[in-house]
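Here's the letter readout for the chains.
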Amino acid sequence: MAASDRVVLGPLVGSIDQGTSSTRFLVFNAKTAELLSHHQVEIKQKFPKEGWVEQDPKEILQSVYECVEKTCEKLNQLSIDITNIKAVGVSNQRETTVVWDKTTGEPLYNAIVWLDLRTQPTVERLLKIIPGQNKSFFKTKTGLPLSTYFSAVKLRWLLDNVEEIKQAVRDGRAMFGTIDSWLIWSLTGGKNGGVHCTDVTNASRTMLFNIHSLKWDSELCHFFDVPMEILPKVRSSSEIYGLMKSGALTGVPISGCLGDQSAALVGQMCFKDGQAKNTYGTGCFLLCNTGQKPVLSEHGLLTTVAYKLGRDKPVCYALEGSVAIAGAVVRWLRDNLGIVKSSSEVEKLAAEVGTSYGCYFVPAFSGLYAPYWEPSARGIICGLTQFTNKNHIAFAALEAVCFQTREILDAMNKDCGIPLSELQVDGGMTNNKILMQLQADILCIQVVKPSMPETTALGAAMAAGAAEGVGVWSLNPGDLTAVTWERFEPQINPEESEYRYGRWKKAVMKSMGWEISEPQANGNRDRRISGYICASAAIPG
């Protein structure tokens, strides 16, 4: 095609959106925020044992290459010149842990996914040597409770159980990272000079990072017995990390990096204190911007780094309510129960009955996250009668997502002191209109959905385009594109909403205490760590 035939749109920015269920590459117009083209590839999840969730890091990387190439082909078919792509941003599933060999570029084990529960014995062992067995012992430094959710205990399990990783650490060949680090290192050259880095939002989900100093914390690394030399360099969320070294975008800078929930916060333009968004993906994540001071929750929420949009820009924090299972429950209905052939069928099934008929579904497949942090919980469906059918179960599954959101919103309102008057939403599940109406009914507030729902990818693109040395995307409030919304108003009375919510809470209580992990011996290291804890009263500060 002749160059004169190509459409000139001004600067474009690409966005790698690597989630738990799929990988996508999207290209936006930096001046209008219009989505021009994208490609998506579903990612396999492996369940080698009960409670274990893994993914192949090489499959994830290959899916990124495929999505980039396919999207560029689509742009060429639209006569859009891909040389106008001036930067690439990365958003990623957080906490998922990878260790690889820097000399070969090969992963040394599958990625342990954030949902994985194999580390519960590790958590319990560590709890026994913490004063008062206090899950929140490290919260003042990390903003996080001790949990299977975060990367430090996943990394500890790998160091304890995978001989190839033990040897690579001894040989100085091992590199650790969350998915962003693995992708950026690989895309910028891998074993041939790849950049080993992460950003502050992803680092803040490891339990090895001090959210006040914005540095890896030597005391935390000592407690978890993690060698600091395997950790990536921590950078801001918006700066040039390196250049793409292969494929259609060779030479284009990678200049934005945000954990997926922080990316959605940026993409929803929640830049002011008190602005919040809820993302419905594999899990469900409600984040509220608290500004430049971290707020510690007293109601089971996490304190996390929201973003730092430039090396010299201030860091902003957020309160977060994390729900492990949201969209994953729909995938479970499809893949495990086989009651639907596609995820979109769930909406149709639910719409046919319009009620759960007293059936309540608590999808605690990975225990309960916020606000309970109860790893012993397991999924239950209760209130069944002979009348109950698959339609009612589908409706109860959607209601479960909404009830879980209500729980974390209640906790956030208590922590912030000012109840939200509306909830901004995004993520793949927001295409389900039954779900969105249910959410408004159960929260008793308005739910607002942007007309362009790809806010996670948009946030990463904004960070990349705004980076120093790129400068094609202005984040000044007056320059940001106006957003159009679809609104869902509550359609039931608050009394009915409270009744259904009360029944849900009763079901949640019945889901707890199901699982007791087996004891695991590791006495020598425990005694050493225990002595360290007793000697180091400084850790919480």
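Residues numbered from 1 in each chain as written. Predicted model: local features only at pLDDT ≥ 70, side-chain atom pairs only at ≥ 80, totals over all residues. Heavy atoms only, no water.

**A few points about the nonpolar core**
Alright, step 1. Counting residues in each nonpolar core, the largest one holds 141 residues, and the members touching the most others are Leu146, Leu208, Phe209, Phe224, Tyr280 and Trp473.
Alright, step 2. Considering every element that reaches this core, the biggest residue donor is helix H12 (residues 390-416), with 14 residues.
Alright, step 3. With 36 residues, the next largest nonpolar core counts Val27, Ile60, Cys72 and Ile184 among its residues. (Core = buried A, V, L, I, M, F, W, Y, C linked by side-chain atoms within 4.5 Å. Buried < 20%, exposed > 50% of the residue type's maximum accessible area, 1.4 Å probe, protein only. Helix = DSSP H or I, 4+ residues; strand = E, 2+ residues; numbered from the N terminus.)

**Section: the sheet that holds strand E2 (residues 22-29)**
Alright, step 1. As summarised here, the arrangement of the 6 strands in space is E3-E2-E1-E5-E14-E13, forming an open sheet in which the pairing is mixed. Two strands close off the open sheet at either side, each with one partner strand: strand E3 (35-42) and strand E13 (238-243). Taken over all neighbouring pairs, the strand axes of this sheet differ in orientation by 25° on average, direction set aside.
Alright, step 2. Relative to E2, strand E1 (residues 12-18) is paired through 7 bridges, and the arrangement is antiparallel. Paired with Ile16 across the bridge in E2 is Phe25. (Pairing = 2+ DSSP bridges. Axes fitted to C-alpha atoms, helices over the stretch in contact; angles between N-to-C directions.)

**Brief notes about the packing of H12 against helix H13 (residues 433-443)**
Alright, step 1. For the pair H12 and H13, the least separation of the axes is 9 Å and the interaxial angle reads 45°. Regarding the angle of H12 to H13, the classification is oblique. In this structure, H12 crosses over H13, and the sense of that crossing is right-handed. The segment H12 lies against H13, with Phe395, Leu398, Glu399, Val401, Cys402, Phe403, Thr405, Arg406 and Leu409 engaging Ile434, Leu435, Leu438, Gln439, Ile442 and Leu443.
Alright, step 2. Among the residues making up the contact of H12 with H13, the classes are represented as 11 nonpolar, 2 polar and 2 charged. (Parallel < 35°, antiparallel > 145°, perpendicular 65-115°, else oblique. Left-handed = near helix turned anticlockwise from the far one by under 90°. Contact = heavy atoms within 4.5 Å. Nonpolar A, V, L, I, M, F, W, Y, C, P; charged D, E, K, R; others polar.)

**Remarks on the pattern of salt bridges**
Alright, step 1. Tallied over the entire structure, the rule returns 31 salt bridges.
Alright, step 2. Taking the shortest distance from any N to any O, the salt bridge between Arg94 and Asp260 comes out at 3.4 Å. In this pair, Arg94 sits in the loop between strand E5 (85-92) and strand E6 (97-101) while Asp260 sits in helix H9 (residues 260-267), placing the two residues 166 residues apart along the sequence.
Alright, step 3. On the basis of relative accessible area, Arg94 is assigned to the buried category, the value being 4%. (Salt bridge = Lys/Arg side-chain N within 4 Å of Asp/Glu carboxyl O.)

**Some words on unusual backbone geometry**
Alright, step 1. Here the residue pair Ala370 and Pro371 is connected by a cis peptide bond, since its omega of 0° sits within 30 degrees of zero.
Alright, step 2. Tracing the chain through its elements places Pro371 in the loop between strand E19 (360-362) and strand E20 (380-382).
Alright, step 3. The phi dihedral of Gln133 falls on the positive side, at around 45°, and the residue is not glycine.
Alright, step 4. For Gln133, the location among the structural elements is in the loop between helix H2 (120-128) and helix H3 (139-142).
Alright, step 5. The phi dihedral of Cys444 falls on the positive side, at around 60°, and the residue is not glycine.
Alright, step 6. Within the secondary structure layout, Cys444 lies in the loop between H13 and strand E22 (446-450).
Alright, step 7. Relative accessible area serves as the criterion here: at 29%, Cys444 is assigned to the partly exposed category.

**Topic: the pairing of E5**
Alright, step 1. Burial runs high along E5: 7 of the 8 residues are buried.
Alright, step 2. For E1 and E5, the ladder comprises 7 bridges, and the chain directions are parallel. Bridge assignment links Leu12 to a residue of E5, and that residue is Ile85.
Alright, step 3. Here E5 runs beside strand E14 (residues 253-259); their pairing, made up of 5 bridges, is parallel. Pairing of Asn92 across the sheet is with Gly259, part of E14.

**Considering helix H6 (residues 179-187)**
Alright, step 1. Burial analysis of H6 places 9 of its 9 residues in the buried class, which makes it a mostly covered element.
Alright, step 2. The set of residues buried in H6 consists of Ile179, Asp180, Ser181, Trp182, Leu183, Ile184, Trp185, Ser186 and Leu187.
Alright, step 3. In the stretch just after H6, Gly189 is the one whose phi turns positive, near 130°.

**Side note on the packing of H9 against helix H14 (residues 455-465)**
Alright, step 1. Packing of H9 against H14 leaves a shortest axis separation of 7 Å and a crossing angle of 80°. Comparing their axes, H14 and H9 come out roughly perpendicular. Residue-level inspection shows Asp260, Ala263, Ala264, Val266 and Gly267 of H9 in contact with H14, the latter providing Thr455, Thr456, Leu458, Gly459, Ala460 and Met462.
Alright, step 2. When its residues are assigned to classes, the contact of H9 with H14 shows 6 nonpolar, 4 polar and 1 charged.

**Some words on empty space enclosed by the protein**
Alright, step 1. Summed over the entire model, instances satisfying the criterion amount to 1 cavity of 30 Å³ or more.
Alright, step 2. Considering only enclosed or pocket space, the largest cavity measures out at about 80 Å³ in volume.
Alright, step 3. Contributing to the lining of the largest cavity are Val323, Ala324, Ile325, Pro363, Ala364, Gly367, Leu368, Tyr369, Ala370, Tyr372, Gln404 and Glu407.
Alright, step 4. Here the residues of the lining of the largest cavity are counted per class, giving 9 nonpolar, 2 polar and 1 charged. (1 Å grid on protein atoms, 1.4 Å probe; cavity = no way out; pocket = protein on both sides within 12 Å on 5 of 7 lines; lining within 4 Å. Points joined across faces, edges and corners; volume = space filled by probe spheres on them.)

**Remarks on the confidence of the model for the protein chain**
Alright, step 1. Across the protein chain, the average pLDDT comes to 89, with 93% of residues at 70 or higher.
Alright, step 2. Within the protein chain, the lowest mean pLDDT, 44, falls on helix H16 (residues 523-535), and the highest, 98, falls on H6.
Alright, step 3. Low pLDDT, under 50, characterises residues 523-541; the predicted model gives this stretch 34 contacts beyond four residues in sequence or across chains. (pLDDT = per-residue confidence, 0-100.)

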